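# Chains, contacts and geometry: an overview
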Amino acid sequence: MTPSGQLLPLTRPPPPPPAPPVLSSRRSRCLPPARAHARGSPPPLWRAHRLHDRFLHPTPQFRAPARAPRPPTPPGVSAAGGGEAQAAAVAEFVTSERVKVAAMLGLALALCNADRVVMSVAIVPLSQAYGWTPSFAGVVQSSFLWGYLMSPIIGGALVDYYGGKRVMAYGVALWSLATFLSPWAAGRSIWLFLFTRVLLGIAEGVALPSMNNMVLRWFPHTERSSAVGIAMAGFQLGNTIGLLLSPIIMSRTGIFGPFVIFGLFGFLWVLVWIPAISGTPGEHAQISAYELEYITKDQKLVKPQIGSAKTKKVPPFSKLLSKWPTWALISANAMHSWGYFVILSWMPVYFKTIYHVNLRDAAWFSALPWVMMAVLGYVAGLVSDMLIRNGTNITLTRKIMQSIGFLGPGIALLGLNAAKSPIIASAWLTVAVGLKSFGHSGFLVNLQEIAPQYAGVLHGMSNTAGTFAAILGTVGAGFFVDRMGSFRGFLILTSLLYFSSALFWDIFATGERVDFDGTG
């Protein structure tokens, strides 16, 4: 039997401790010393350690040190490490480049809505200053929707061709210019002033399609609902900012103070957006290799192909309209816009006429629900992403979210109708507007899923339908009240429309990609 000391030269200094006799005999049978020295040089270190494989180290333990360290657990995915891994995932998400994109989108949408609703506050002093009749004041209020009606489809097509970053930058710059020039235009000509309002609507029509495009490119499907929640939280907070800050600014700077200040903030946003944000993660100079891989893994990005034949191709509108999932989106957007603009436009008047509160208190009652919508919209996004990560089918998730977004407001409006005090009515209105935000994780995200290559056009088509519904609902509410003498019947009608839209969505919506190109 070969003594164990003969193996010492194979391991190089420092020598290992003598092996037990039982291992020594079997080690010599595995690799005789003569065979090792016959090759003219000592074997590498791993050879000596391999002598012990069968006895000291199972194979997985031997190979583990040679493996590259695994990347950290992707954000939002549960890890075996427990709380520490989850904390690291949250920290990565909060400091990531994609969250910066969502935050910038939220700021843009906040400016979008603040510029839009400032006219709702300024219309009374403007009417007094320029002698506008109530009917003409209604024309001025609706002039924004004239432009907004024209731009979503064209804007959506531009987003599909050129990407959300470029189109959003032009859109914010243009609507900020229209807002900033409103005081000058009003002092020159009423037609010039109306033109600035139409221009505002045209420019703001590209905001939501651009947001959808950027979320599609920057977020994996397990985080898109959260990203939309962050962006739309800014959208809803814009209502609150416009409704509550505009009177304060006017009291210090005059009627047109909010127009100038909000317009300047829009220009500042553009100056930050252009150098800080890229159109796709791959174009970003500072994104980490891990985040880039996490975003693009198992994700097919639809990149703009400027100058190619594809960018010159007219979107297949007939094929888009031939599929029931498209009509589910159109119906959902129309109902969402109907309820949104009816509540935004008429609730201050509702509280004044039904509960006889003054307009200032009515504005507060009407503004508070939008804060709840911003908060619950983000919560809905987190819940939606959690369901998908835990294995819930995407189609079922979208139907659950949109059902809450329709059935919740429908039931809450019936409660509002039966309320006996403004406090109870405000509580029901807050529930209605808050639950309405669950639709952001329903139809608004679904645009990216059924046709990512046509998400902008689909958003434009459904947004146009939503604008028609907004005009019909806003005008119809006034007509209904003139004929019936009360808002209560119109609230019941709106509730029934919510219930019908929920049923239509649950039957025809899907979370799977739809073949609109006829490729199989």
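Cut-off values and rules
Residues numbered from 1 in each chain as written. Predicted model: local features only at pLDDT ≥ 70, side-chain atom pairs only at ≥ 80, totals over all residues. Heavy atoms only, no water. UniProt positions renumbered as here; feature names shortened; annotations may be inferred. Helix = DSSP H or I, 4+ residues; strand = E, 2+ residues; numbered from the N terminus. Buried < 20%, exposed > 50% of the residue type's maximum accessible area, 1.4 Å probe, protein only. Contact = heavy atoms within 4.5 Å. Areas by Shrake-Rupley, 256 points an atom, 1.4 Å probe, with all protein chains shown as cover. Salt bridge = Lys/Arg side-chain N within 4 Å of Asp/Glu carboxyl O. Phe/Tyr/Trp six-rings, centres within 6.5 Å; stacked < 30°, edge-to-face > 60°. Lys NZ or Arg CZ within 6 Å of the ring centre and 35° of its normal. Core = buried A, V, L, I, M, F, W, Y, C linked by side-chain atoms within 4.5 Å. Domains from an automatic or database assignment. Expected span 1.5 Å × (residues − 1). Bend = angle between axes of the 7 residues up to and from the residue. 1 Å grid on protein atoms, 1.4 Å probe; cavity = no way out; pocket = protein on both sides within 12 Å on 5 of 7 lines; lining within 4 Å. Points joined across faces, edges and corners; volume = space filled by probe spheres on them. Nonpolar A, V, L, I, M, F, W, Y, C, P; charged D, E, K, R; others polar. Polar contact = N/O pair within 3.5 Å; in protein donor to acceptor, adjacent residues only side chain to side chain. pLDDT = per-residue confidence, 0-100.

As recorded in an unreviewed UniProt entry, the protein chain goes by the name Major facilitator superfamily (MFS) profile domain-containing protein, listed as coming from Panicum hallii var. hallii. Recorded in UniProt for the protein chain, the comment headed Subcellular location (unreviewed entry) runs: "Plastid, Chloroplast membrane". Here is the UniProt Sequence similarities (unreviewed entry) comment for the protein chain, exactly as written: "Belongs to the major facilitator superfamily. Sodium/anion cotransporter (TC 2.A.1.14) family."

### Quick look at the overall build of the protein chain
The number of helices and strands found in the protein chain is 22 helices and 0 strands. Classification of the 520 residues of the protein chain by burial places 50% in the buried group. Here the analysis covers contacts within the protein chain between residues at least 6 apart in sequence; of these, 82% occur between residues at least 24 apart. Of the roughly 24,100 Å² of accessible surface on the protein chain, a fraction of 68% belongs to carbon and sulfur atoms.

### Here's the deal with the pattern of salt bridges
Across all of its chains, the model carries 5 salt bridges by this definition. Where Arg98 meets Glu291, a salt bridge forms, and the shortest distance between an N and an O atom there is 3.0 Å. In this pair, Arg98 sits in helix H7 (residues 97-130) while Glu291 sits in helix H14 (residues 289-296), placing the two residues 193 residues apart along the sequence. For Glu291, a relative accessible area of 3% corresponds to the buried category. With a closest N to O distance of 3.3 Å, Arg116 and Glu204 form a salt bridge. One end of the pair, Arg116, is in helix H7; the other, Glu204, is in helix H10 (residues 190-204), with 88 residues separating them in the sequence. The class for Arg116 is buried, based on a relative accessible area of 8%. Using a relative accessible area of 1% as the deciding quantity, one classes Glu204 as buried. The network of salt bridges with common partners includes Arg98, Glu223 and Glu291.

### A look at the packing of aromatic side chains
Counted by the stated rule, this structure contains 11 aromatic pairs. With a centroid separation of 5.4 Å and 25° between ring planes, the pair formed by Phe144 and Tyr148 is classed as stacked. In this pair, Phe144 and Tyr148 are both assigned in helix H8 (residues 134-162), 4 residues apart and thus about one turn of the helix distant. Note on accessibility: Phe144 and Tyr148 belong to one class, buried. One aromatic cluster is present, formed by Trp324, Phe504 and Phe508 through successive ring pairs. Residue placement shows Arg116 over the ring face of Tyr148; its charged tip is 5.2 Å from the ring centre.

### Points about the nonpolar core
Looking at soluble globular proteins, one finds that nonpolar side chains tend to be buried together. Membership of the largest hydrophobic core comes to 110 residues, with the highest contact counts inside it found for Leu105, Met211, Trp269 and Trp273. It is H7 that contributes the most residues to this core, 16 residues altogether. Both of domain 1 (95-303) and domain 2 (315-519) provide at least three residues apiece to this core. Those residues in contact with Met211 that sit more than four places away from it in its chain are Leu105, Leu109, Met168, Val228, Ala231, Met232 and Leu444.

### Quick notes on H7
The end-to-end C-alpha separation of H7 is 48 Å, in line with the 50 Å expected for 34 residues at 1.5 Å each. Its maximal kink placed at Ala122, H7 deviates by approximately 50°, while the proline Pro125 follows within four residues. Among the 34 residues that make up H7, 25 are buried, leaving the element largely enclosed by the rest of the structure. Positive phi shows up at Gly131, right after H7, with a value of about 70°.

### Here's the deal with empty space enclosed by the protein
Summed over the entire model, instances satisfying the criterion amount to 3 cavities of 30 Å³ or more. By volume, the largest cavity amounts to about 210 Å³. In terms of lining, the largest cavity is formed by 20 residues, of which the most central are Leu208, Phe235, His336, Ser337 and Asn463. Among the elements of the structure, H8, helix H12 (224-253), helix H16 (324-355), helix H20 (443-450) and helix H21 (455-484) are those that each provide at least two residues to the lining of the largest cavity. Split into classes, the residues belonging to the lining of the largest cavity amount to 10 nonpolar, 9 polar and 1 charged.

### Some remarks on the side chain of Asn417
Tracing the backbone through its elements, the reader meets Asn417 in helix H18 (residues 394-418). Classification of Asn417 by relative accessible area gives buried; the value is 12%. Apart from residues no more than four positions distant in its own chain, Asn417 is found in contact with Arg488, Leu491 and Ile492.

### With respect to the environment of Arg389
On the secondary structure map, Arg389 appears in helix H17 (residues 359-389). In this structure the C-alpha to C-alpha distance between Arg389 and His221, which are 168 residues apart in sequence, comes to 9.4 Å. A distance of 3.3 Å separates a polar side-chain atom of Arg389 from the backbone oxygen of Thr222.

### Side note on the confidence of the model for the protein chain
When the pLDDT values of the protein chain are averaged, the result is 78; 76% of them are 70 or greater. Mean pLDDT values for the elements of the protein chain range from 42 in helix H5 (residues 59-63) up to 95 in H18. Across residues 1-12, confidence stays below pLDDT 50; counting only partners more than four residues off in sequence or on other chains, it has 20 contacts. Counted against residues more than four places away or in other chains, residues 43-72, with its pLDDT under 50, gives 20 contacts.

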